[in-house]
Amino acid sequence: MKTDPITPVQIPNRSMEIANIFHRQSFELMNLVMNHQKGAMQEHQQKMTDLMQAKDASHVPQLISSNLMGQVNDLMALTTKAYQLGYDAHSQVAEIFQKQIEDSSSLTSSVLSSHALAGKPMSTMAISVLKHSLDASRSLIDSAKIAAAKTVELANQSLSSMKK
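Residues numbered from 1 in each chain as written. Predicted model: local features only at pLDDT ≥ 70, side-chain atom pairs only at ≥ 80, totals over all residues. Heavy atoms only, no water.

Student: I tried to follow the overall build of the protein on my own but got confused; where do I start?
Tutor: Secondary structure summary: the protein contains three helices and zero strands in total. Counting from the amino terminus, the protein carries its helices and strands in the arrangement α-α-α. Burial status across the protein gives 13% buried among its 164 residues. Of the roughly 12,700 Å² of accessible surface on the protein, 64% is carried by carbon and sulfur atoms. (Helix = DSSP H or I, 4+ residues; strand = E, 2+ residues; numbered from the N terminus. Buried < 20%, exposed > 50% of the residue type's maximum accessible area, 1.4 Å probe, protein only. Areas by Shrake-Rupley, 256 points an atom, 1.4 Å probe, with all protein chains shown as cover.)

Structure follows, in structure tokens:
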């Protein structure tokens, strides 16, 4: 009697991919903050020079006001860029989770269609329960995909409106 050799299916462990994404994001965030601090220090020095060179005291409040607005704009730009970094990393992690779900679903489907389980009453009953659960999970995943796509669309719209 010959049996069908079952080739093991290996699902990649994606935890290292996720760790690499957040490691890279941490460096990008540190780089962003350091560049912002460097620019802020240069601007501060220039603003102090402008204030020191102001001959007329009536121009000082205007200089201070324009400097304050520049700082607020710079901080808003920094916040937007940091948010974008987090959003990009979150999107990449969501894609990795999606791949993991698809791989697990494929593995479950291949196990359920295995010839070793066919023809046995208990196996048939267990397979029907598992298939029903798998179908319910797939429908839940599909609805989650739709909700995630809408969330991504709304986030992209809000980011693009902030950049204008």
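Past the structure itself, the notes keep going.
Student: I would appreciate a short explanation of the side chain of Arg14 in the present structure.
Tutor: On the secondary structure map, Arg14 appears in the segment before helix 1 (15-53). Judged by relative accessible area, Arg14 falls into the buried class, the value being 10%. Side chain to side chain, Arg14 and Gln100 meet in a polar contact 2.9 Å long. In this structure, Arg14 is in contact with Ile96, Lys99, Gln100 and Asp103, ignoring residues within four places of it in sequence. (Polar contact = N/O pair within 3.5 Å; in protein donor to acceptor, adjacent residues only side chain to side chain. Contact = heavy atoms within 4.5 Å.)

Student: Explanation requested: the pattern of salt bridges in the structure shown.
Tutor: Where charged atoms from two side chains of opposite charge come close, those side chains can pair. Enumeration according to the criterion identifies three salt bridges in this entry. Note that Glu17 is salt-bridged to Arg14, the shortest N-O span being 3.9 Å. Notably, a salt bridge pairs Asp103 with Arg14, separated by 2.7 Å at the nearest N-O pair. One end of the pair, Asp103, is in helix 2 (residues 60-112); the other, Arg14, is in the segment before helix 1, with 89 residues separating them in the sequence. (Salt bridge = Lys/Arg side-chain N within 4 Å of Asp/Glu carboxyl O.)

Student: What am I meant to see in the packing of aromatic side chains here?
Tutor: For any two aromatic rings, the description comes down to two numbers: the centre-to-centre distance and the angle of the planes. Enumeration according to the criterion identifies one aromatic pair in this entry. Consider the rings of Tyr83 and Tyr87, whose centres lie 6.5 Å apart with planes at 15°: the pair is stacked. Remark: Tyr87 and Tyr83 occur in helix 2; sequence separation between them is four residues, near one turn of the helix. Residue class for Tyr83 comes out partly exposed when judged on its relative accessible area of 44%. (Phe/Tyr/Trp six-rings, centres within 6.5 Å; stacked < 30°, edge-to-face > 60°.)

Student: Can you walk me through the layout of surface pockets in this structure?
Tutor: Any empty space left between the atoms is revealed when a probe the size of a water molecule rolls over them. Considered as a void within the structure, the largest pocket measures approximately 400 Å³ in volume. Around the largest pocket, the lining is made up of 17 residues, and of these Ala94, Glu95, Ala144, Ala148 and Ala149 lie nearest the centre. Secondary structure elements with two or more residues in the lining of the largest pocket: helix 2 and helix 3 (121-163). When residues in the lining of the largest pocket are grouped by element, the largest group, nine residues, is from helix 2. Looking at the lining of the largest pocket, its residues break down into eleven nonpolar, four polar and two charged. (1 Å grid on protein atoms, 1.4 Å probe; cavity = no way out; pocket = protein on both sides within 12 Å on 5 of 7 lines; lining within 4 Å. Points joined across faces, edges and corners; volume = space filled by probe spheres on them. Nonpolar A, V, L, I, M, F, W, Y, C, P; charged D, E, K, R; others polar.)

Student: Teacher, can you tell me more about the confidence of the model for the protein here?
Tutor: Low-pLDDT portions of the prediction should not be read for the details of their coordinates. Averaged over every residue, the pLDDT of the protein is 79; residues scoring 70 or more account for 84%. Ranking the elements of the protein by mean pLDDT puts helix 3 last with 75 and helix 1 first with 90. (pLDDT = per-residue confidence, 0-100.)

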